[in-house]
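Letter by letter, the chains look like this.
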Amino acid sequence: MTHNVAVETHPEIPLWNDPALSVTTRVSALIEAMTPEEKIAQLYGVWVGASDEGGDVAPHQHDMEEAVDLDALLPTGLGQLTRPFGTAPVDPALGALSLLRTQARIASANRFGIPAVAHEECLAGFAAWGATAYPVPLSWGATFDPDLVHRMASAIGRDMRSVGIHQGLAPVLDVVRDARWGRVEETIGEDPYLVGTIGTAYVRGLEGAGVVATLKHFAGYSASRAGRNLAPSPMGPRERADVLLPPFEMAVREGGARSVMHAYTDTDGVPAAADEDLLTGLLRDTWGFDGTVVADYFGIAFLKTLHGIAADWAEAAGAALRAGVDVELPTVKTFGAPLVEAVAAGRVPEKVIDRALRRVLTQKALLGLLDPDWNPVPAALDGADLDDPEALRGRIDLDAPGNRQLARTVAEGAVVLLSNDGTLPLHRPRRIALVGPNADEPTAVLGCYSFPQHIGVHHPATPVGIDLPTLRATLAAEFPGTEFTLAHGTGVDDGDVSGIPEAVRAAGEADVVVAVLGDRAGLFGRGTSGEGCDVESLALPGAQQQLLDALLDTGTPVVTVLLAGRPYALGRAVTEAAAIVQSFFPGEEGTAALAGVLSGRTGPSGRLPVSVPRGAGAQPTTYLGARLAHASEVSSIDPTPAFGFGHGLTYTTFAWSDLAVDVGQAPADGEFSLALTVRNTGERHGTEVVQLYLHDPVASVVQPVQRLVGYTRVPLAPGEARRVRVVVPADLASFTGRDGHRIVEPGALELRFAASSTAPPLTAAVTVTGAPRRVDHTRRLHAVFGQEPSAGG
């Protein structure tokens, strides 16, 4: 192997390069040797794009920032490289070659030979051209399957690490508070326990593959007023503590996440990027987080331009550093010359620079970037001839068959059957009218952070890079003897009704209608779902409801299929559609997963991670509300959902019975023990999701009517029964009391086993005895489930 990427070595190993020494010693020695300019250079990134010819990366020109002169910056060093693969379409092998050459250039240009940390988006798979497009996080939540999400994240992390990426900007742990928010598709759901467990599984998978997971957006981004992006978050401290923070707490404590990204928003007038109580007091001093806090893109500059709490760039930089932000992303702005000048003038103390630098260098040391044998050549190019770039083209496959199979497994597990009058599964229909704007649209399965929708749309001449079969194609393969009639009907959001008569004619001549509706993912108004694509109501976009109503009027059974990024009110279809199938942007194998469910080849097992509203304007409809948040006689607005959180049907039936409370009284530091039997009473294999909700009828502060505190998946063959046992720590009944501390109060509780938040539960009455108990972040977070064959099962 020959290549020109050697990094200069020295006959004597400096202390910071000596792997025999502790990381603390190495980092301290390096900090001591650095000038202020070299220190600050480690605290910012530069937005770059890999070369499709394998040359050095080129700075990305963004409309929010001035151009960057890499030659001028590199002698002092560089902290991060922003999205070398996720900025423009580039062959993965040539992108890896471009990145390694740039890393060699960076290391050779600074006195200490320090390369950069390279980060990428990975919200629904590695956001690179040709990489697998997995289902979006809302689909992860719909699986109620942390183990499956862990497997997916491991695969994503392995692909990223193989081409030289060190950090991934995921998962999003924001809890949905208002489904009008455009970024709902990026979230895992409306319940903090579901978000925490699924998100932590993702973190473990990514970190286990050697990629730094970045928790975002810390904290309160999803609680913005009216679901508007970047709007103020008017939540109180108790909502933040009990609803929005627990997923982050779990991912830090149990997931081992090594990075956190601050939110854009302000809470009660304090922007997250300048919130020392949040980023240092809570995150570090209380939770013990010792990784890096990175800025959401341009977030530090926003302290001046949007929040108005800083008079100039230096003041913005100082406020962020004091609060606990360590790295400015995506590119150098406030942490560049303005910060250098502010430190020299004494406006920003050098000790806050050193504090952030220690965290950054510690992470680089743990990634092996300070080791004397560091090599910029990634594993995927090991042994390749790097002097022949064209010979490398096509060498790296980021969408291997194993990836696609895993993507299909996740997509299948995330399909939610909302209603069914027996029409599904379809039994060899002679004629199907396939209607709707997403019936024959390849990208209808992709979220806004998938590479084709995020970047590819700006490069229409470049192939999409992955196979995206339409639902029309997969259904044709699934039903080879069926005649299909395709009718567009209307666009996703164009409001055009001229095609509805044709759709009605096709429906009238068919045995069944499959109406494929929903969203188009995009950013900042280019879609109906995605970042910056907030909506005024949860009515279906455009004229889709008008199309759906016209199809229902034909009398032909209508199977409504939704490919969407958020839940929508469906009007008459809730009661009149033959079936409703919900899929949240299920990724490249999503249409195959849907075809399998429609035919019955696979059984649906997904459950709703967000409530589906009954009315388009009754927001918010999250189930996690106090009594006054639900329907009442003193308001004409009824927020009761059409389908509640946790709901999902299967192609079989289940019976729950024999609830037993083995331990029903426990002190505030004790635990309860319960069991029930779940039996498959149908004729098909199926998976039931046993959900455990806690109801606290009397508490010292207002509590939600119920909240999820545990769940388990129970796969059962026809006739099979299993005894499900669960140990429930009293800690799960804790909440933030009047004095701001988390407590477990004595008193009566209900533990409700249910198939959804709206299903009739099996209820166990239990009691916490003794005195109140104060708990903290070391409390027990999980109920422990076990399963065994049931007697007679």
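Look up a bit, the structure's there.
Residues numbered from 1 in each chain as written. Predicted model: local features only at pLDDT ≥ 70, side-chain atom pairs only at ≥ 80, totals over all residues. Heavy atoms only, no water.

Section: the overall build of the chain
Piece 1. The helix and strand inventory of the chain stands at 22 helices and 28 strands.
Piece 2. Computed over C-alpha atoms, the radius of gyration of the chain comes to 27 Å, within 12% of the 28 Å expected from 2.2 N^0.38 for 793 residues, which places it in the range of a compact globule.
Piece 3. Seen through its principal axes, the chain has C-alpha atoms that stretch 80 × 65 × 50 Å.
Piece 4. A total of 793 residues make up the chain; the buried ones form 62% of that total.
Piece 5. Across the chain, contacts joining residues at least 24 apart in sequence account for 79% of those joining residues at least 6 apart.
Piece 6. Carbon and sulfur atoms form 50% of the exposed surface of the chain, whose accessible area is close to 27600 Å².
Piece 7. If you average the places of the 61 positive and of the 93 negative side-chain charges in the chain, the two averages end up 4 Å apart. (Helix = DSSP H or I, 4+ residues; strand = E, 2+ residues; numbered from the N terminus. Rg over C-alpha atoms; globule rule 2.2 N^0.38 Å. Buried < 20%, exposed > 50% of the residue type's maximum accessible area, 1.4 Å probe, protein only. Contact = heavy atoms within 4.5 Å. Areas by Shrake-Rupley, 256 points an atom, 1.4 Å probe, with all protein chains shown as cover. Lys, Arg positive; Asp, Glu negative; His and termini not counted. Charge placed at Lys NZ, Arg CZ, Asp CG, Glu CD.)

As for the packing of helix H19 (residues 500-508) against helix H20 (residues 544-553)
Piece 1. Between H19 and H20, the shortest axis-to-axis distance is 9 Å and the interhelical angle comes to 30°. Taken together, H19 and H20 sit at an angle that is classed as roughly parallel. The chirality of how H19 crosses H20 is right-handed. Residue-level contacts link Ile 500, Ala 503, Val 504 and Ala 507 of H19 to Gln 546, Leu 547, Ala 550 and Leu 551 of H20.
Piece 2. For the contact of H19 with H20, the per-class residue count stands at seven nonpolar, one polar and no charged. (Axes fitted to C-alpha atoms, helices over the stretch in contact; angles between N-to-C directions. Parallel < 35°, antiparallel > 145°, perpendicular 65-115°, else oblique. Left-handed = near helix turned anticlockwise from the far one by under 90°. Nonpolar A, V, L, I, M, F, W, Y, C, P; charged D, E, K, R; others polar.)

Topic: the pattern of salt bridges
Piece 1. One pass over the structure, following the stated rule, counts 36 salt bridges.
Piece 2. For Asp 275, the salt bridge identified is with Arg 240, shortest N-O distance 3.8 Å. You can see Asp 275 sitting in the loop between strand S9 (270-271) and helix H10 (276-286) and its partner Arg 240 sitting in helix H8 (residues 237-244), a full 35 residues away along the chain.
Piece 3. According to the relative accessible area criterion, Asp 275 is buried, its value standing at 8%.
Piece 4. Owing to a relative accessible area of 19%, Arg 240 belongs among the buried residues under this scheme. (Salt bridge = Lys/Arg side-chain N within 4 Å of Asp/Glu carboxyl O.)

Some thoughts on the sheet that holds strand S12 (residues 431-435)
Piece 1. Strand order in the open sheet made by the six strands is S11-S16-S15-S14-S12-S13, with mixed pairing throughout. The open sheet is flanked by strand S11 (416-420) and strand S13 (483-487), the only strands paired with a single partner. With direction set aside, neighbouring strand axes in the sheet form an average angle of 15°.
Piece 2. Bridging between strand S14 (residues 512-518) and strand S15 (residues 558-564) involves six bridges; their strand directions are parallel. Residue pairing in the sheet places Val 514 in a bridge with Val 559 of S15.
Piece 3. Lying on the sheet, H20 is in contact with S12, S14 and S15; it crosses S14 at an angle near 170°. (Pairing = 2+ DSSP bridges.)

Let's talk about the packing of aromatic side chains
Piece 1. Enumeration over the complete set of coordinates arrives at 15 aromatic pairs.
Piece 2. Above the face of the Tyr 449 ring, Lys 216 is positioned so that its terminal group lies 5.7 Å from the ring centre.
Piece 3. Against the face of Trp 313 rests Lys 304, its NZ or CZ located 4.7 Å from the ring centre. (Phe/Tyr/Trp six-rings, centres within 6.5 Å; stacked < 30°, edge-to-face > 60°. Lys NZ or Arg CZ within 6 Å of the ring centre and 35° of its normal.)

What to know about the sheet that holds strand S27 (residues 773-774)
Piece 1. Read across the sheet, three strands follow the order S23-S24-S27 without closing on themselves; strand pairing throughout is antiparallel. Single-partner strands in this sheet number two, and they are strand S23 (735-736) and S27.

Focus: the state of the cysteines
Piece 1. Going through the model one piece at a time under the given rule, you end up with zero disulfides.
Piece 2. With no disulfide of its own, Cys 122 lies 14 Å from the sulfur of Cys 448, the closest cysteine sulfur.
Piece 3. Under the relative-accessibility criterion, Cys 122 is labelled buried at 0%.
Piece 4. Cys 448 takes part in no disulfide bond, and the closest cysteine sulfur, belonging to Cys 533, lies 7.2 Å away. (Disulfide = S-S within 2.5 Å.)

Considerations on helix H9 (residues 246-253)
Piece 1. Here H9 lies mainly inside the structure; seven of its eight residues are buried.
Piece 2. Close packing links the buried residues of H9 with helix H7 (192-208), strand S6 (212-218), H8 and H10.

As for the pairing of strand S25 (residues 747-754)
Piece 1. By the bridge criterion, five bridges tie strand S20 (residues 686-695) to S25 in an arrangement that is antiparallel. Across the sheet, Gln 691 pairs through a bridge with Ala 754, a residue of S25.
Piece 2. When S25 meets strand S26 (residues 762-769), the two strands line up antiparallel, connected through seven bridges. Bridging across to S26, Glu 750 finds its partner in Ala 765.

Here we look at the environment of Glu 37
Piece 1. Its location among the elements puts Glu 37 in helix H2 (residues 36-41).
Piece 2. Take Glu 37: its relative accessible area is 38%, and that puts it in the partly exposed class.
Piece 3. Taking the C-alpha atoms as reference points, Glu 37 and Val 340, separated by 303 residues in sequence, lie 6.3 Å from one another.
Piece 4. In contact with Glu 37, not counting residues within four places along its chain, are Thr 76 and Val 340.

Brief notes about the layout of surface pockets
Piece 1. Of the voids in this model, the largest pocket is the one considered here, and its volume is about 700 Å³.
Piece 2. Pro 237, Ala 241, Leu 245, Leu 282 and Gly 740 are the residues nearest the centre of the largest pocket, which is lined by 26 residues in total.
Piece 3. Contributions of two or more residues to the lining of the largest pocket are made by H8 and H10.
Piece 4. When its residues are assigned to classes, the lining of the largest pocket shows nine nonpolar, seven polar and ten charged. (1 Å grid on protein atoms, 1.4 Å probe; cavity = no way out; pocket = protein on both sides within 12 Å on 5 of 7 lines; lining within 4 Å. Points joined across faces, edges and corners; volume = space filled by probe spheres on them.)

Quick look at the packing of helix H12 (residues 313-323) against helix H14 (residues 350-366)
Piece 1. It is the contact of H12 with H14, at a shortest axis distance of 9 Å, that shows an interaxial angle of 55°. Looking at the two axes, H12 sits oblique to H14. Viewed along their axes, H12 and H14 form a crossing whose handedness is left-handed. Touching Leu 321, Arg 322 and Ala 323 of H12 are Val 352, Ile 353, Arg 355 and Ala 356, all from H14.
Piece 2. Here the residues of the contact of H12 with H14 are counted per class, giving five nonpolar, no polar and two charged.

Considering helix H18 (residues 471-478)
Piece 1. Buried within H18 are the following residues: Leu 471, Thr 474 and Leu 475. Take H18 and look down its axis: the buried residues cluster within an arc of 100°, on one side only.
Piece 2. As for H18, its buried residues are in contact with S12, S13, S14, S15 and helix H22 (590-599). (Arc of directions from axis to C-beta.)

Details of unusual backbone geometry
Piece 1. That bond from Ala 170 to Pro 171 is cis: its omega, 10°, falls within 30 degrees of zero.
Piece 2. Tracing the chain through its elements places Pro 171 in the loop between strand S5 (167-168) and H7.
Piece 3. A positive phi angle, close to 50°, is found at Phe 144, a residue other than glycine.
Piece 4. Positionally, Phe 144 belongs in the loop between helix H5 (137-143) and helix H6 (146-162).

Some words on the side chain of Gln 544
Piece 1. Here Gln 544 shows up in helix H20.
Piece 2. For Gln 544, the side chain forms a polar contact with the main-chain oxygen of Val 492, separated by 2.9 Å.
Piece 3. Polar contacts involving the side chain of Gln 544 include one to the main-chain amide nitrogen of Gly 518, which spans 2.8 Å.
Piece 4. What Gln 544 contacts, discounting residues up to four positions off in sequence, is Pro 437, Thr 490, Gly 491, Val 492, Leu 517 and Gly 518. (Polar contact = N/O pair within 3.5 Å; in protein donor to acceptor, adjacent residues only side chain to side chain.)

Overview of the side chain of Arg 723
Piece 1. For Arg 723, the position within the fold is in strand S22 (residues 721-729).
Piece 2. Buried charge Arg 723 goes without a salt bridge, the closest partner of opposite sign being Asp 658 at 4.7 Å.
Piece 3. Side-chain polar atoms of Arg 723 contact the side chain of Thr 677, separated by 2.8 Å.
Piece 4. Apart from the residues within four sequence positions on either side, Arg 723 is in contact with Ser 657, Asp 658, Ala 660, Ala 675, Leu 676, Thr 677, Gly 786, Gln 787, Glu 788, Pro 789 and Ser 790.

Everything listed is a geometric property; what it means functionally is a separate question.
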